[in-house]
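Residue strings, one per chain:
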Amino acid sequence: MFFVVKSIYLCRKLFKMILPKIVIAIDGHSSCGKSTIAKALAAQLGYIFIDSGAMYRAVTLFALRTNLIADGKVDEPKLISLLPQIKIEFHYNPEKQKSDTYLNGENVEDEIRQLPVSLHVSPVATIAEVRAAMVRLQQEMGKNKGIVMDGRDIGTVVFPDAELKLFVTASPEIRAQRRFDELSAKGETVSYDTILQNVQERDYIDSTREVSPLRKADDALVLDNSNMTREEQMAWVTERVKERLG
Ligand code: DC
């Protein structure tokens with residue numbers, strides 16, 4: 001029995017090694033589960049997973065900590081001048097079986113998910129110089145392929161030649177409810193209405209900003225997961241990957 005299981009495991013490993021590696025770009029609205037899909041897919045394929053939103057969140061945390069955001073307004077020239085001092089990395093956390101985001105050597109994975117960062121990240125992500133710096137880093141991370149990256153401009157700007165592009169969406173109400181459940185489970189007390197408003201505001205800013213607005217790449221496949229379970233989504237995505245890998 002052990003021998004059979006071990007053989008299956010080795011065959012799968014070998015299969016993963018001989019398959020050509022591709023780039024998978026997953027874009028879509030906030031809180032629609034892009035990262036969950038991307039993470040699971042990367043684990044399945046033995047690929048690197050990068051949550052590009054975490055990078056904009058880390059820059060926002062830096063701006064908040066250095067008092068570069070007041071009354072919702074970002075001191076853009078100052079933040080741009082300090083960009084060379086911002087070092088963002090991802091380190092695998094074996095306990096959580098996922099990568100954590102590091103800002104200048106500090107693990108900020110939890111802090112970047114909290115409301116103060118969520119409330120201010122959109123204006124930071126509209127700054128062209130911030131985007132250029134993040135895009136450079138992202139392209140560097142994907143240069144050897146074998147990567148699943150999720151964000152807003154991955155299929156349109158970061159990897160326009162990605163072999164597989166997905167555009168994930170769900171209704172704002174469903175996304176707000178998911179976010180509410182997630183924060184409540186962590187013990188945070190935030191009202192559903194505040195979250196819904198934040199989701200709608202972020203959709204608006206993300207899709208109307210001048211630099212790299214959120215839009216579906218022409219060759220992206222749409223996944224509306226409003227009424228889909230996680231298993232259904234993974235089955236759908238796995239099929240699309242199989243088609244691409246032949
Ligand atoms: O996916 P998220 O909600 O963690 O993203 C945080 C913010 O960063 C959100 O306002 C959109 C922005 N973002 C972006 O502009 N481009 C990306 N590639 C990823 C995220």
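Quick caveat: nothing in here was measured; it's all calculated off a predicted structure. (Residues numbered from 1 in each chain as written. Predicted model: local features only at pLDDT ≥ 70, side-chain atom pairs only at ≥ 80, totals over all residues. Heavy atoms only, no water.)

Colleague: Would you explain empty space enclosed by the protein in this entry?
Modeller: The gaps left among the atoms become clear once a water-sized probe is rolled over them. On inspection of all chains with the given rule, the structure shows one cavity of 30 Å³ or more. By volume, the largest cavity amounts to about 50 Å³. As for the largest cavity, its lining consists of R113, Q114, L115, S118, R179, L183, I195 and N198. Among the elements of the structure, α5 (115–125), α8 (172–185) and α9 (192–208) are those that each provide at least two residues to the lining of the largest cavity. Considered class by class, the residues forming the lining of the largest cavity number three nonpolar, three polar and two charged. (1 Å grid on protein atoms, 1.4 Å probe; cavity = no way out; pocket = protein on both sides within 12 Å on 5 of 7 lines; lining within 4 Å. Points joined across faces, edges and corners; volume = space filled by probe spheres on them. Helix = DSSP H or I, 4+ residues; strand = E, 2+ residues; numbered from the N terminus. Nonpolar A, V, L, I, M, F, W, Y, C, P; charged D, E, K, R; others polar.)

Colleague: What is the right way to look at the sheet that holds strand β9 (residues 164–169) in this model?
Modeller: One key point about sheets: their strands pair by backbone hydrogen bonds, in either a parallel or an antiparallel sense. One open sheet holds the five strands; their spatial order is β2-β8-β1-β9-β10, and the pairing between them is parallel. Sheet topology places β2 (48–51) and β10 (221–224) at the edges, where each strand pairs with a single neighbour. Each strand axis lies, on average, 20° off the axis of its neighbour in the sheet, ignoring direction. One ladder, built from four bridges, connects β2 with strand β8 (residues 147–151); its direction is parallel. Looking at the pairing, F49 lines up with V148 of β8. (Pairing = 2+ DSSP bridges. Axes fitted to C-alpha atoms, helices over the stretch in contact; angles between N-to-C directions.)

Colleague: Explain the packing of helix α3 (residues 52–65) against helix α6 (residues 128–141) here, please?
Modeller: Between two packed helices, what matters for the description is the angle formed by their axes and the separation of those axes. Closest axis-to-axis distance for the α3/α6 pair is 11 Å, and the angle between their directions is 140°. If you check the angle between α3 and α6, you find them oblique. Here α3 and α6 pass one another in a crossing that is right-handed. Between α3 and α6, the residues in contact are S52, M55, Y56 and V59 and V130, R131, M134, V135, L137, Q138 and M141, respectively. Residue composition of the contact of α3 with α6, grouped by class: eight nonpolar, two polar and one charged. (Parallel < 35°, antiparallel > 145°, perpendicular 65-115°, else oblique. Left-handed = near helix turned anticlockwise from the far one by under 90°. Contact = heavy atoms within 4.5 Å.)

Colleague: Which parts of the structure should I look at to understand the nonpolar core?
Modeller: Across soluble globular proteins, you tend to see nonpolar side chains buried next to one another. With 38 residues, the main nonpolar core has V59, L79, I86, V130 and M134 as its most contacted residues. Mapped by element, the contributors of at least two residues to this core are β1 (23–28), α3, α4 (76–82), β5 (88–93), α5, α6, β8 and α7 (154–158). Per-element tally for this core: the top contributor is α3, with eight residues. For L79, the contacting residues outside a window of four places in its chain are V59, F62, A63, L68, V74, I86, V124, I127 and V130. Counting residues in each nonpolar core, the second largest holds 21 residues, with C32, L45, V168 and A170 among its members. (Core = buried A, V, L, I, M, F, W, Y, C linked by side-chain atoms within 4.5 Å. Buried < 20%, exposed > 50% of the residue type's maximum accessible area, 1.4 Å probe, protein only.)

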